[in-house]
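Observations on the three-dimensional arrangement
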Amino acid sequence: MLVLTASTLVGAVGTAQARESASAGPAASCSTAWGSGTKTGGTEQAKPLKAITTGQHKCFDRMVLSTGGVTGGLGYHVGYVDTFHQDGSGTPIAVKGGAILQVFVSSPSYDPATSRPTYDGKAGKPLPGVNITGYKTFKDARFGASFEGQTQIGLGVRARLPFRVTQSGDKLIIDVAHKW
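The structure contained in this document is the topic of the report that follows.

**Details of the sheet that holds strand β1 (residues 39-41)**
Here we have five strands laid out as an open sheet, ordered β1-β4-β7-β9-β8, and antiparallel in their pairing. What marks the edges here is a single partner per strand, and that holds for β1 and β8 (138-147). Across the sheet, the mean angle from the axis of one strand to that of its neighbour is 15 degrees, orientation sign disregarded. In terms of strand pairing, β1 meets strand β4 (residues 76-81) through three bridges, oriented antiparallel.

**Digging into the sheet that holds strand β2 (residues 49-56)**
Taken in spatial order, the four strands of this open sheet run β2-β3-β11-β10, and their pairing is antiparallel. Taken across any chain shown, the strands that pair with only one partner, and hence form the sheet edges, are β2 and β10 (163-168). The average angle at which neighbouring strand axes cross in this sheet is 15 degrees, direction not considered. As paired strands, β2 and strand β3 (residues 60-67) are joined by seven bridges and run antiparallel to one another. Bridge pairing in β3 places Thr53 opposite Val64.

**A few points about the state of the cysteines**
Enumeration over the complete set of coordinates arrives at one disulfide. One disulfide in the model links Cys30 with Cys59; its S-S distance is 2.0 Å. Residues Cys30 and Cys59 share a disulfide whose torsion about the S-S bond is about -70 degrees; that sign makes it left-handed. Remark: Cys59 occurs in the loop between β2 and β3 and Cys30 occurs in the loop between α1 (2-28) and β1; sequence separation between them is 29 residues. Residue Cys30 is classed as partly exposed on the basis of its relative accessible area, which comes to 31%. What makes Cys59 buried here is its relative accessible area of 16%.

**Topic: the nonpolar core**
If you look at the biggest cluster of nonpolar residues, it comprises 31 residues, and the most contacted ones within it are Ile52, Met63, Leu65, Leu127 and Val176. Breaking this core down by element, the ones donating at least two residues are β2, β3, β4, β7 (99-105), β8, β9 (150-157), β10 and β11 (171-177). Of the residues forming this core, the biggest block, four residues, is contributed by β7.

**Quick look at a positive patch on the surface**
On the surface, Lys136, Lys139, Arg158 and Lys179 cluster together to form a positively charged patch. Position of Lys139 relative to the elements: it lies in strand β8.

**Comments concerning the pattern of salt bridges**
Across all of its chains, the model carries five salt bridges by this definition. Residue Arg164 pairs with Asp175 through a salt bridge whose shortest N-O separation is 2.7 Å. Of this pair, Arg164 sits in strand β10 while Asp175 sits in strand β11; the two residues are 11 residues apart in sequence, bridging distant segments of the chain. A relative accessible area of 27% places Arg164 in the partly exposed class. When the shortest N-O distance is used, the salt bridge between Lys171 and Asp170 registers 3.6 Å. When its relative accessible area of 34% is taken as the criterion, Lys171 is described as partly exposed. The network of salt bridges with common partners includes Arg62, Arg164 and Asp175.

**Section: the packing of aromatic side chains**
Taken as a whole, this structure holds four aromatic pairs when the rule is applied. On the numbers, 6.2 Å between centres and 35 degrees between planes, the contact of Tyr119 with Phe143 is tilted. Within this pair, whereas Tyr119 is found in the loop between β7 and β8, its partner Phe143 is found in strand β8, the two being separated by 24 residues in sequence. Considered together, Tyr119 and Phe143 belong to a single accessibility category, that of buried residues. When the ring of Tyr135 is compared with that of Phe138, the centres are 5.9 Å apart and the planes differ by 10 degrees; the resulting orientation is stacked. Given the relative accessible area of 9%, Tyr135 is considered buried. Across the ring face of Phe163, the terminal group of Lys39 is positioned such that the distance to the ring centre comes to 3.9 Å. Across from the ring centre of Phe60, 5.1 Å away, lies the NZ or CZ of Arg164, which sits over that ring.

Parameters and conventions
Residues numbered from 1 in each chain as written. Predicted model: local features only at pLDDT ≥ 70, side-chain atom pairs only at ≥ 80, totals over all residues. Heavy atoms only, no water. Pairing = 2+ DSSP bridges. Helix = DSSP H or I, 4+ residues; strand = E, 2+ residues; numbered from the N terminus. Axes fitted to C-alpha atoms, helices over the stretch in contact; angles between N-to-C directions. Disulfide = S-S within 2.5 Å. Buried < 20%, exposed > 50% of the residue type's maximum accessible area, 1.4 Å probe, protein only. Core = buried A, V, L, I, M, F, W, Y, C linked by side-chain atoms within 4.5 Å. Patch = residues over 30% accessible without salt bridge, like charges linked within 9 Å, V, L, I, M, F, W, Y side chains within 5 Å. Areas by Shrake-Rupley, 256 points an atom, 1.4 Å probe, with all protein chains shown as cover. Salt bridge = Lys/Arg side-chain N within 4 Å of Asp/Glu carboxyl O. Lys, Arg positive; Asp, Glu negative; His and termini not counted. Charge placed at Lys NZ, Arg CZ, Asp CG, Glu CD. Phe/Tyr/Trp six-rings, centres within 6.5 Å; stacked < 30°, edge-to-face > 60°. Lys NZ or Arg CZ within 6 Å of the ring centre and 35° of its normal.

Shown next, in the form of structure tokens:
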């Protein structure tokens, strides 16, 4: 009986794994249902921006903006623009790539109490510590400005591709698909 139970259990596990593998095929394919239209969300002002990191994934490239904390929906506005203009001055900033994704997050890159930088971005310059060499979708990442409590980033991408914006705790996450 023990042998029968063990063999039944192994068979059931094998069948479950086969079902999981079979279902992983279509589920593992890359979704492009995000669209390329402007995305806006949240209203809350976050504590100052602390870091910007990027990563490569199977279906998309990712940018993460880490703030010093937020308790609700972090304010953001992300959308494609023809020309990237520095917030406040309106000065055009060159961004490489086939399309430019402009990112605004309601988090200054300085401490409002002391005016000291918390993220050392310089207008028109590449993002400090961000290396996107070899990325499939990301081609350039430029600091725009930190003006009136929000930070602006210009993200150069290969083409006008679908993207999504999500929030996890005090992080704003922007994923740009590799293809439609």
